Amino acid sequence: MSKLSLRNVVKRFGNNTVCDGIDLDVNSGEMVCLIGSSGAGKSTLLRCINLLEPIEDGEIFLDGADISIPGLDPEPVRRRIGMVFQSYNLFPHMSAAENVMLAPRRIQKRTRAELRPEIEALFARFGLADHMDKYPDQLSGGQQQRVAIVRALAMKPEVMLFDEITSALDPQLVGDVLDALRALKSDGMTMVLATHEMGFAREAADKVCFLKDGKIIEEGAPDALFASPKRIETQEFLSRALK
Ligand code: ADP
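Residues numbered from 1 in each chain as written. Predicted model: local features only at pLDDT ≥ 70, side-chain atom pairs only at ≥ 80, totals over all residues. Heavy atoms only, no water.

**Some details on the overall build of the protein chain**
Phase 1 of the analysis: Counting secondary structure elements, the protein chain contains 9 helices and 10 strands.
Phase 2 of the analysis: Taken over the C-alpha trace, the protein chain has a radius of gyration of 18 Å; the compact-globule value for 243 residues is 18 Å, and the two agree within 12%.
Phase 3 of the analysis: Viewed in the frame of its principal axes, the protein chain has a C-alpha envelope of about 55 × 45 × 35 Å.
Phase 4 of the analysis: Of all 243 residues assigned to the protein chain, the portion counted as buried reaches 51%.
Phase 5 of the analysis: Contacts in the protein chain between residues at least 24 apart in sequence constitute 65% of all its contacts with a sequence separation of at least 6.
Phase 6 of the analysis: Accessible surface computed for the protein chain: about 11,100 Å², of which carbon and sulfur atoms make up 48%.
Phase 7 of the analysis: Here the protein chain carries 30 positive and 35 negative side-chain charges, and the mean point of each set is 2 Å from the other. (Helix = DSSP H or I, 4+ residues; strand = E, 2+ residues; numbered from the N terminus. Rg over C-alpha atoms; globule rule 2.2 N^0.38 Å. Buried < 20%, exposed > 50% of the residue type's maximum accessible area, 1.4 Å probe, protein only. Contact = heavy atoms within 4.5 Å. Areas by Shrake-Rupley, 256 points an atom, 1.4 Å probe, with all protein chains shown as cover. Lys, Arg positive; Asp, Glu negative; His and termini not counted. Charge placed at Lys NZ, Arg CZ, Asp CG, Glu CD.)

The structure is reproduced here in structure tokens:
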């Protein structure tokens, strides 16, 4: 059984069909990368998985249970699926540690004292041990983005979604954030990423899906897809992306 399964997921904005019958399986501990031009529907697909957008048709299963049933309370599901965005959106008036503890304190009613050791371990895991008590404006973009990852992990999600999380970073800061994703994968996290980092997708993904006009038109193991894409659209996209 796949950890996450999408069956014929359809999402429309008015007359614009942004996800057009998406089937996707993500097994436990796998990293799946969604690639494709801007506007292909990658971000919307991630938002649908996290129930930030209602879908028009199809089903989304988490651990075999349909989470896309209309009327279902999205909150318990969202706690099981963490999401990190391009903009890290940390609260500027709170330290990194306070930002990370906020949701577990408010939602899970856990105390700072109880959370501190777990949070310290997470900060250390992602190279942020010295930055827990700093404020966001004292941190680089790459550090802030890693704090945002830690913030999502503090809720102990089963699946993590990443939407272009390195796109707003200066090039020299991208590597540390990609290292954080590698660390997370080696810890066994199930992950879906929308990314423009083709080198990273090729090296780290278990599966790469190429989206165009709301459809996955080609998918496969990264080496095969990057070395010998079958569809002309994939070839054209990769030749532009890898220039
Ligand atoms: P990608 O992440 O691949 O760049 P997106 O999912 O952001 O693609 O966008 C896919 C399409 O959905 C685009 O045509 C975009 O304009 C449209 N879209 C995304 N969000 C909304 C929205 N909230 N309302 C209307 N259209 C949207």
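**Quick word on helix H6 (residues 171–186)**
Phase 1 of the analysis: Between the first and last C-alpha of H6 there are 24 Å, a value that for 16 residues agrees with the 22 Å anticipated at 1.5 Å per step.
Phase 2 of the analysis: Among the residues of H6, those classed as buried are Leu173, Val174, Val177, Leu178, Ala180, Leu181, Ala183 and Leu184.
Phase 3 of the analysis: Two residues or fewer past H6, Gly188 is found with a positive phi of approximately 95 degrees. (Expected span 1.5 Å × (residues − 1).)

**Description of the environment of Lys212**
Phase 1 of the analysis: As for its position among the elements, Lys212 is in strand E9 (residues 207–212).
Phase 2 of the analysis: Exposure remark for Lys212: the relative accessible area of 34% places this residue in the partly exposed category.
Phase 3 of the analysis: Sequence separation between Lys212 and Gly36 is 176 residues, and the spatial gap between their C-alpha atoms is 6.2 Å.

**A word on the site of the ligand**
Phase 1 of the analysis: Inspection of the region around the ligand gives Phe13, Asn16, Val18, Ser37, Ser38, Gly39, Ala40, Gly41, Lys42, Ser43 and Thr44 as its neighbouring residues.
Phase 2 of the analysis: A distance of 2.7 Å separates an oxygen atom of the ligand from a polar backbone atom of Gly39.
Phase 3 of the analysis: A distance of 2.5 Å separates an oxygen atom of the ligand from a polar side-chain atom of Thr44.
Phase 4 of the analysis: In the complex, the protein chains occlude 57% of the 560 Å² of accessible area that the ligand would expose alone.
Phase 5 of the analysis: At the level of elements, strand E2 (16–26) and helix H1 (42–49) are the ones that each hand at least two residues to the shell around the ligand.
Phase 6 of the analysis: For the shell around the ligand, the element with the highest residue contribution is H1, accounting for 3 residues.
Phase 7 of the analysis: Grouping the constituent residues of the shell around the ligand by class yields 3 nonpolar, 7 polar and 1 charged. (Near = heavy atom within 4 Å. Polar contact = N/O pair within 3.5 Å; in protein donor to acceptor, adjacent residues only side chain to side chain. Nonpolar A, V, L, I, M, F, W, Y, C, P; charged D, E, K, R; others polar.)

**Thoughts on the environment of Ser140**
Phase 1 of the analysis: Examined against the element boundaries, Ser140 turns out to sit in the loop between helix H4 (112–125) and helix H5 (141–153).
Phase 2 of the analysis: The class for Ser140 is partly exposed, based on a relative accessible area of 25%.

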